[in-house]
Amino acid sequence: MSVALSHHFLARRLHSLSGVIPIGAFLLEHLYTNFHAVAGPAAFNEAVKGIQDLLPGPLLPLAELFLIGLPIAFHAIYGIYIAYTAKSNVLSYGYARNWNYLLQRVTGVILLLFITAHVLTMRFGVGGLGLAVAHHPDQAFTIVQYWLAQPLVMAFYVLGIFSAAFHLANGLWTFAIVWGITVSTRSQQAFSYACAVFGVAVFAVGVRAAFAFVP
C-alpha cells in the first residue's frame, strides 16, 4: 500500500510539474509566435522560420517529441486517470474551488481534442490545403488563415484557447500548493487572484492572435 501511495504521490507531482514546465512554457511561446500575426503575414512567417532556424535539421522534431509530445502525452493520460477517478461534488457544495476542480477536468478533455486536431491540421497538414506549417513556413500565415476563416473552426479555436488559458491558470494555482510555494490560506487566496489575471491575459492574447488571421 505504501509503495502504491508513493507512486501516486510522485505521479501527481510530475503531472503538476509537466503542466507548467514544459507544457505551460511551450503554450506561452506558441502564443508569442502566433501574436506576430498581428503585424501581418510576413511577420508571422518570419517568426515560424525563426523557430526552425533556432532548431535546424532533426533538432526540431526531436524537441517536439521529447520536450512537447511526450510530456503532453503523460499529462493527458494521467489527467484522464484523475478525471476518471475524481468525485465531483459541485452539486452538493457549490464553492468556487469545487467548480474550478471540475472545469480543470473538463478543459483537460477539450484540450486533448483540440491539441489532436491542431497537430493533425497544422503540423502534419491533414485536410484543408494539405500543407503543414512546419514544412511550408513561407506559407504559414496562409495555412492558418485558411482554417480560421471558417466560423466553426474559429469557434473551436476560441474554445480551445479558453480551455488552455483556464487550465494553465488554475494549474498554476494548484502547482503552487502541491509544491509548497503557497502554504497559508492568505497566500493561496492572493495567488488565486494573480492566476485569474494571468488566465484572462493569456486568453486575450490568444484570441487577438487568432482573429489576426481573419481577413
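The present account deals with the structure reproduced in this document. (Residues numbered from 1 in each chain as written. Predicted model: local features only at pLDDT ≥ 70, side-chain atom pairs only at ≥ 80, totals over all residues. Heavy atoms only, no water.)

1. Describing a nonpolar patch on the surface
Then, number 1: A cluster of nonpolar side chains, Leu 59, Leu 62, Leu 65, Phe 66, Leu 67 and Leu 70, forms an exposed patch at the surface whose accessible area comes to about 570 Å².
Then, number 2: Relative to the helices and strands, Leu 70 resides in helix α4 (residues 59-85).
Then, number 3: Leu 70 gets classed as partly exposed once you look at its relative accessible area, which sits at 44%. (Patch = residues over 30% accessible without salt bridge, like charges linked within 9 Å, V, L, I, M, F, W, Y side chains within 5 Å. Areas by Shrake-Rupley, 256 points an atom, 1.4 Å probe, with all protein chains shown as cover. Salt bridge = Lys/Arg side-chain N within 4 Å of Asp/Glu carboxyl O. Helix = DSSP H or I, 4+ residues; strand = E, 2+ residues; numbered from the N terminus. Buried < 20%, exposed > 50% of the residue type's maximum accessible area, 1.4 Å probe, protein only.)

2. Focus on the nonpolar core
Then, number 1: By size, the foremost hydrophobic cluster in this structure holds 32 residues, and its most contacted members are Phe 44, Met 122, Val 133, Val 144, Leu 148 and Phe 213.
Then, number 2: Of all elements in the fold, only α2 (23-35), α3 (41-54), α5 (96-123), α6 (140-148), α7 (151-178) and α8 (185-211) reach the threshold of two or more residues within this core.
Then, number 3: Ranked by the residues each element gives to this core, the list is headed by α7, at ten residues.
Then, number 4: What Met 122 contacts, discounting residues up to four positions off in sequence, is Ala 132, Val 133, Ala 134, Ile 143, Val 144, Trp 147 and Tyr 157. (Core = buried A, V, L, I, M, F, W, Y, C linked by side-chain atoms within 4.5 Å. Contact = heavy atoms within 4.5 Å.)

3. Remarks on the pattern of salt bridges
Then, number 1: In this structure the tally under the stated criterion is two salt bridges.
Then, number 2: For the salt bridge of Lys 49 with Glu 46, the shortest nitrogen-to-oxygen distance reads 3.9 Å. Separated by three residues within a single helix, Lys 49 and Glu 46 lie in helix α3, roughly one turn from each other.
Then, number 3: The exposure class of Lys 49 is partly exposed, given its relative accessible area of 29%.
Then, number 4: A salt bridge links Glu 64 to Arg 123, with the nearest nitrogen and oxygen atoms 3.0 Å apart. Taken as a pair, Glu 64 in helix α4 and Arg 123 in helix α5 lie far apart in primary sequence, 59 residues in all.
Then, number 5: On the basis of relative accessible area, Glu 64 is assigned to the partly exposed category, the value being 25%.

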